[in-house]
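A look at the structure
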Amino acid sequence: MLRRNQVLCLGLVLVLAANLFLELRPKEAAQDLLQGGLHTRDGTVMARLFRLEKAVQQLEENMRLAGKQQAKVEDTRMKMNHEVHPAPKAAQGKAVETKKPAPQKKLFPSSALFQRWGEDLPEDEQKKAQDLFLRFGYNVYLSDQLPLNRSLPDTRDSRCLQKVYPAQLPSLSVILIFVDEALSIIQRAITSIMNQTPPWLLKEIILVDDFSSNGELKVHLDEKIEFYNRMSPGLLKIVRHTERKGLAHARNLGWEAATADVVAILDAHVEVNAGWAEPILARIQEDRTVIISPVFDNIRFDDFKLTKYALAVDGFNWELWCRYDPVPESWIALGDVTAPVRSPSIMGILAANRLFLGEIGGLDDGMLVYGGENVELSLRVWQCGGKIEVLPCSRVAHVERHHKPYALDLGAALKRNALRVAEIWMDEYRHMVYLAWNLPLQSSGIDYGDISSRRALREKLKCKTFDWYLKNVYPVLKPIHDVVGYGRMKNSLDRGVCLDRGPVPGNTPIMYTCHEFSPQNVYYRLVGELYVGPLVAENYDSQHCLTDPGHGEKPTLEPCSKAAQSKLHILWDFKQGGSVINRDTRRCLEITREPLGTRGLVLRTCTAQVWEIQFTLGAWGRADAL
Ligand code: UDP
Ligand code: MN
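The rules behind each value
Residues numbered from 1 in each chain as written. Chains lettered and ligands numbered in written order. Predicted model: local features only at pLDDT ≥ 70, side-chain atom pairs only at ≥ 80, totals over all residues. Heavy atoms only, no water. Helix = DSSP H or I, 4+ residues; strand = E, 2+ residues; numbered from the N terminus. Buried < 20%, exposed > 50% of the residue type's maximum accessible area, 1.4 Å probe, protein only. Areas by Shrake-Rupley, 256 points an atom, 1.4 Å probe, with all protein chains shown as cover. Arc of directions from axis to C-beta. Contact = heavy atoms within 4.5 Å. Salt bridge = Lys/Arg side-chain N within 4 Å of Asp/Glu carboxyl O. Expected span 1.5 Å × (residues − 1). Donors = N, O, S within 2.8 Å, 3.2 Å for Na, K, Ca; no water. Axes fitted to C-alpha atoms, helices over the stretch in contact; angles between N-to-C directions. Parallel < 35°, antiparallel > 145°, perpendicular 65-115°, else oblique. Left-handed = near helix turned anticlockwise from the far one by under 90°. Nonpolar A, V, L, I, M, F, W, Y, C, P; charged D, E, K, R; others polar. Disulfide = S-S within 2.5 Å. Pairing = 2+ DSSP bridges. Core = buried A, V, L, I, M, F, W, Y, C linked by side-chain atoms within 4.5 Å. Phe/Tyr/Trp six-rings, centres within 6.5 Å; stacked < 30°, edge-to-face > 60°. pLDDT = per-residue confidence, 0-100.

This brings us to the overall build of the chain. A tally of helices and strands in the chain yields 18 helices and 25 strands. Here the chain holds 626 residues, and 58% of them are scored as buried. Accessible surface, the chain: about 25,800 Å² in total, of which carbon and sulfur atoms supply 54%.

Here it is, written out as structure tokens:
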């Protein structure tokens, strides 16, 4: 997983999409979804279903946007736009015709699959392609027609080609884990590994089936394995789960089956690129405690073209959702673009010394479905004596799919796995994960499983603290220590609406029907700042602070660091159940009733309106502390 999608990490998750969905405010769609879903208004059931369907289509589109947004590397990406595949058969057939074919009616104009692909596809083929797309989250119709041994553009820096690696290198087991992936996708991954890895180094390819429901992946895949093994005896192995156990477990099963010196654990929808293995094997030969991430490029889920990604390190936010971070200045100062880059985390895909990975405890089997296991491993590696590096000369292309075939909503798994990481590894900083997910520190109602064996492992390995990790490995991730109230912020006059960051783009907060997504996250700090919107807490990005602009009656949201520098009025006096009063202007944040019955948000002379915030920390919110 490349959380993948990491700019992958990227990919994307319904929660994130839903956040974005509300943030980018397909406002009508959001309103429809909320009102259509929660209130009966005047519509018939059919009309509401229709609205919901439209909202879901919009959601799909926003998941695509979410993928882009999550990447945060858009501006540093270079579009390759190389044609790496022949046109699909249907289109090839047409190419020899002299007359231009009549344009085809678009059957699925709002489908993400057909935004830049499938222009001339006949209607019945469009249906096939759309069905496969919905089932797998990428363009299986096209994948089935592309050559399995297509060659990708070499995305390495030219200086990588001059590198000379030791003649003797450790042997390699490549592990591909999958659940319900398309057969042609898995075959293309296998083919690329066989073509791009020196045969004397590649000991085996181990397929791990996490209990796919796709029948094609049983007998047909076994036949293909036999076929490959006829060419290279013993090269392919397959192990299968007899029930779905999630990707951490699948990776561990692959590790158990592996026998080479080094394991590379990949998603099944990858194509490894030229020379990917040698830098990994050489680096692990030098230092057995280093866990390696290759650099990912994106295979687009619709047309399977390659987009080269700029070099970045793998990080995460306080939800423990992966993100790309800029490479450190110290690496740039080295002046060697081929040098390993120290990275706070991995996205999911990794390579490691097989025995070392076992010694530090593999992946945490207690992680369910997807998410969090990459951060758990990363903290454990750093805190317990290993290190993580991205190798610029090792490149792996990965399909960032449009949606996941194995779960409609990954939010629950991500949240639960994140709490597990927080409780095992994050010590006095664990509250940041609860803050980011908007959960109470006590009685969150989320069962993150038994962590006693992981805590025992931490003891046994004599691991350092999370404080050490933050200070020495990931100073970019900023904790906040003085948050005293967080969650939804409601005015006692109307508890159906919540303080909300308002339309994006834009910097005007509003009152909006309460929902569970991050645009309505509010954080009140003892220092007096009131953040509205998702928790950012990284020093190169910005949190939005509720601001009294000093004129007019509308509050605004301003990036806190800039607002503080410009001496804007961003500090507020607030106690649970009390007024929200600007410290400089003494104006109060209050709500009004608008002509259509909605609620407005204003700054004015106080009329004694009072507010409540959902969760409090420490003694701050208690009646005896007021
Ligand atoms: N996977 C799995 N079991 C699961 C979920 C995922 O084996 O319950 C596999 C999946 O087929 C893929 C890898 O784990 O090969 C990573 O998942 P995915 O690609 O969906 O994550 P992303 O790269 O989008 O973060
Ligand atoms: Mn993946």
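Turn by turn, an α-helix covers 3.6 residues, leaving residues three or four places apart pointing in a common direction. For helix H16 (residues 452-460), the complete set of buried residues consists of Arg454, Leu457 and Arg458. Down the axis of H16, the buried side of the element spans an arc of 100°, and every buried residue falls inside it. In H16, the exposed residues that point more than 90 degrees away from the buried face are Glu459 and Lys460. Tucked inside the fold, the buried residues of H16 contact helix H13 (373-383), helix H14 (411-425) and helix H17 (466-472). The first or second residue beyond H16 is Lys462, which carries a positive phi of 50°.

Moving on, we get to the pattern of salt bridges. According to the stated counting rule, one finds 35 salt bridges in the structure shown. Put simply, Asp180 and Arg244 hold a salt bridge, and the shortest N to O gap is 4.0 Å. In this pair, Asp180 is assigned in the loop between strand E2 (172-178) and helix H7 (183-196) and Arg244 in the loop between strand E4 (236-240) and helix H9 (247-257), connecting sequence segments 64 residues apart. Asp180 sits in the buried class, given a relative accessible area of 12%.

Moving on to unusual backbone geometry. For residues besides glycine, phi is generally negative; the peptide bonds are generally trans as well. Looking along the chain, the bond that leaves Val504 and enters Pro505 is cis, with omega of 0°. Of note, Pro505 is situated in the loop between strand E15 (497-500) and strand E16 (510-513). Within the chain, Ser443 stands out as a residue other than glycine whose phi angle is a positive 50°. Here Ser443 is to be found in the loop between helix H15 (431-436) and H16. With relative accessibility at 71%, the residue Ser443 sits in the exposed group. Here Ala608, not a glycine, exhibits a phi torsion of approximately 70°, which is positive. The topology assignment puts Ala608 in the loop between strand E24 (599-604) and strand E25 (611-616).

Here we take up helix H8 (residues 219-231). Over its 13 residues, H8 extends 19 Å from the first C-alpha to the last, a length consistent with the 18 Å expected when each residue adds 1.5 Å. Along H8, the residues that are buried comprise Leu221, Ile225, Tyr228 and Asn229. The arc enclosing the buried residues of H8, seen along the axis, measures out at 100°, which places them on a common side. In H8, the exposed residues that point more than 90 degrees away from the buried face are Val219, Glu226, Arg230 and Met231. Contacts from the buried residues of H8 go to E2, H7, strand E3 (202-209) and E4.

Looking now at the coordination of the manganese ion (ligand 2). Bound to the manganese ion (ligand 2) are the protein donor atoms Asp267 (OD), His269 (NE2) and His398 (NE2), situated 2.1 to 2.2 Å from the metal. Here the donor residues of the manganese ion (ligand 2) share one chain and are spaced in sequence as D-x1-H-x128-H. Linking Asp267 in strand E5 (residues 262-267) with His398 in strand E13 (residues 387-400), this pair joins segments that are 131 residues apart in sequence. Comparing Asp267 with His398 shows no difference in burial state: the two are buried.

Another point: the packing of H7 against H8. Contact geometry of H7 with H8 gives a least axis separation of 11 Å together with a crossing angle of 15°. Taken together, the axis directions place H7 and H8 in an arrangement best described as roughly parallel. Regarding H7 and H8, the two cross each other, and that crossing is right-handed. On H8, the residues that touch Leu183, Ile186, Gln187, Ile190, Thr191 and Met194 of H7 are His220, Leu221, Lys224, Tyr228 and Met231. Taken together, the residues of the contact of H7 with H8 sort by class into 7 nonpolar, 3 polar and 1 charged.

One way to say it: the disulfide is the covalent bond shared by the sulfur atoms of two cysteines. Considering all chains together, one arrives at 5 disulfides under this definition. Between the sulfur of Cys384 and that of Cys463 lies a disulfide, 2.0 Å long from S to S. Across the disulfide from Cys384 to Cys463, rotation about the S-S bond amounts to roughly 105°, and the bridge is consequently right-handed. Remark: Cys463 occurs in the loop between H16 and H17 and Cys384 occurs in the loop between H13 and E13; sequence separation between them is 79 residues. For the pair formed by Cys384 and Cys463, the shared burial category is buried.

Judged by which residues are buried, strand E17 (residues 522-525) turns out to be covered on both faces: Val522 and Tyr524 on one side and Tyr523 and Arg525 on the other are all buried. Judged from the 3 bridges that link them, E17 and strand E18 (residues 530-532) form a sheet pairing that is antiparallel. Bridging across to E18, Tyr524 finds its partner in Leu530. The antiparallel hairpin formed by E17 and E18 contains 4 residues in its connecting segment, where Gly528 sits at a positive phi of about 115°.

Relative to the assigned elements, Val369 resides in the loop between helix H12 (354-359) and H13. Taking C-alpha positions, Val369 is 9.0 Å from Asn417, a pair spaced 48 residues apart along the chain. Once you skip the residues sitting within four places of it in the chain, Val369 turns out to touch Gly246, Leu247, Tyr406, Leu410 and Ala413.

With 69 residues, the main nonpolar core has Ile291, Trp318, Leu379 and Met426 as its most contacted residues. Top contributing element to this core by residue count: H14, with 7 residues. When sequence neighbours within four positions are dropped, the list of residues in contact with Ile291 reads Ile346, Leu350, Ala351, Ala352, Phe356, Leu357, Val381, Lys387, Ile388 and Glu389. Ranked by size, the runner-up nonpolar core spans 44 residues in total, among them Val174, Val270, Ile280 and Tyr324.

What follows deals with the packing of aromatic side chains. Inspection of the entire model under this criterion finds 17 aromatic pairs. Each ring, one from Phe114 and one from Trp117, has its centre 5.7 Å from the other, and the planes form 35°; the classification is tilted. As far as burial versus exposure is concerned, Phe114 and Trp117 are alike and both buried. Grouped by ring-pair contacts, the aromatic residues Phe316, Trp318, Tyr429, Phe466, Tyr469 and Tyr474 constitute a single cluster.

A few words now on the confidence of the model for the chain. Put simply, the chain has an average pLDDT of 86, and 83% of its residues get 70 or more. Throughout residues 4-97 the model reports pLDDT below 50, and contacts reaching past four residues in sequence, or to other chains, amount to 185 contacts.

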